[in-house]
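This is what each chain is made of:
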Amino acid sequence: MLLLVGYGGMAVFTTLLTIFMPQTKATENAVEVSDPDGGMNALAIGSVVSLLGYTAFYAVGPEMFATAPRAAATSVLTGVNRFGSLFIALTFPYIQTSIEEYTFIIFVAFLALIILFTQVFLIETKGKTTEEIQRELRRKMT
């Protein structure tokens, strides 16, 4: 459930970011004309709040591990995270050039797939011992 909350919140805030980005771009000139002193664009603030919300939900769910496997899981997670960050850093400029401010819709699609995968294939572990979880995983794999 915690994973679903984390991924769901990330999907909501990424969707909001995808909505705010084109609106911010569309209203940039109007804001500059109406407030030449450089006032804050509310849609730009919405984009920043969306990024902060995304980060908060990322911290809530997707990076939680039990104490025993934490070191091994964290090392694997760090490697995957760094590789993913490298891939995104290398491809993001090309994606942004081609679809501009709608770039984050790709992340929304991936989050939707992750939520579906989590709902269908992962088991609930709340209130269960490690042995119970292992037994349930073994049953599910056979």
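Keep in mind that this is a model prediction, so the values were computed, not measured.

Reading guide: rules and limits
- Residues numbered from 1 in each chain as written.
- Predicted model: local features only at pLDDT ≥ 70, side-chain atom pairs only at ≥ 80, totals over all residues.
- Heavy atoms only, no water.
- Helix = DSSP H or I, 4+ residues; strand = E, 2+ residues; numbered from the N terminus.
- Contact = heavy atoms within 4.5 Å.
- Areas by Shrake-Rupley, 256 points an atom, 1.4 Å probe, with all protein chains shown as cover.
- UniProt positions renumbered as here; feature names shortened; annotations may be inferred.
- Salt bridge = Lys/Arg side-chain N within 4 Å of Asp/Glu carboxyl O.
- Buried < 20%, exposed > 50% of the residue type's maximum accessible area, 1.4 Å probe, protein only.
- Expected span 1.5 Å × (residues − 1).
- Arc of directions from axis to C-beta.
- pLDDT = per-residue confidence, 0-100.
- Phe/Tyr/Trp six-rings, centres within 6.5 Å; stacked < 30°, edge-to-face > 60°.

(A) Summary view of the overall build of the chain. Scanning the chain for helices and strands turns up five helices and zero strands. Reading the chain from its N terminus to its C terminus gives the helix and strand order α-α-α-α-α. Restricting the contact set of the chain to residue pairs at least 6 apart, pairs at least 24 apart contribute 65%. With an accessible surface of roughly 10,200 Å², the chain has 70% of that area assigned to carbon and sulfur atoms.

(B) Geometry of the environment of Phe107. Note that Phe107 resides in helix H4 (residues 105-121). Taking C-alpha positions, Phe107 is 7.2 Å from Thr14, a pair spaced 93 residues apart along the chain. Ignoring anything within four residues of it in the chain, the contact list for Phe107 reads Thr14, Ile88 and Phe92.

(C) Representation of the UniProt feature "transmembrane region" (unreviewed entry) in the chain in the model. UniProt annotation of "transmembrane region" (unreviewed entry) refers to residues 42-60, 72-96 and 102-123 when read in the numbering used here. Between the C-alpha atoms that bound residues 42-60 there is a distance of 27 Å. The span itself is 100% helix and 0% strand.

(D) Structural detail: the pattern of salt bridges. Applying the stated rule across the entire model yields one salt bridge. Residues Glu136 and Lys128 are paired through a salt bridge, measuring 2.6 Å at the closest nitrogen-oxygen approach. Given the relative accessible area of 22%, Glu136 is considered partly exposed. The partly exposed category is assigned to Lys128, whose relative accessible area is 30%.

(E) Broad picture of unusual backbone geometry. A positive phi angle is found at Glu100, which is not glycine, with a value near 50°. Following the sequence through the fold, Glu100 ends up in the loop between helix H3 (70-99) and H4. A relative accessible area of 40% means that Glu100 is categorised as partly exposed.

(F) The arrangement of the side chain of Ser47 in detail. Position of Ser47 among the secondary structure elements: in helix H2 (residues 42-60). For Ser47, a relative accessible area of 9% corresponds to the buried category.

(G) Geometry of H4. Over its 17 residues, H4 runs 24 Å from end to end, which matches the ideal 24 Å to within 8%, given 1.5 Å per residue. Looking only at H4, the buried set comprises Val108, Leu111 and Thr118. One side of H4 holds all its buried residues, which, seen down the axis, span an arc of 85°. What points out from H4, more than 90 degrees from its buried face, is the exposed set Phe110, Leu113 and Leu116.

(H) Representation of the confidence of the model for the chain within the structure. Of all residues in the chain, 85% attain a pLDDT of 70 or more, and the chain-wide mean is 82. No element of the chain has a lower mean pLDDT than helix H5 (residues 130-141), at 80, and none a higher one than H4, at 91.

(I) Quick look at the packing of aromatic side chains. One pass over the structure, following the stated rule, counts four aromatic pairs. Ring geometry for Phe92 against Phe104: centres 5.9 Å apart, planes inclined by 50°, an arrangement best described as tilted. Placement of Phe92 in helix H3 and of Phe104 in the loop between H3 and H4 is noted, with a sequence separation of twelve residues between them. The buried category is assigned to Phe104, whose relative accessible area is 18%. With a centroid separation of 5.1 Å and an interplanar angle of 40°, the aromatic rings of Phe117 and Phe121 are classed as tilted. Placement of the pair is Phe117 and Phe121 together in helix H4, with a separation of four residues, close to one helical turn.

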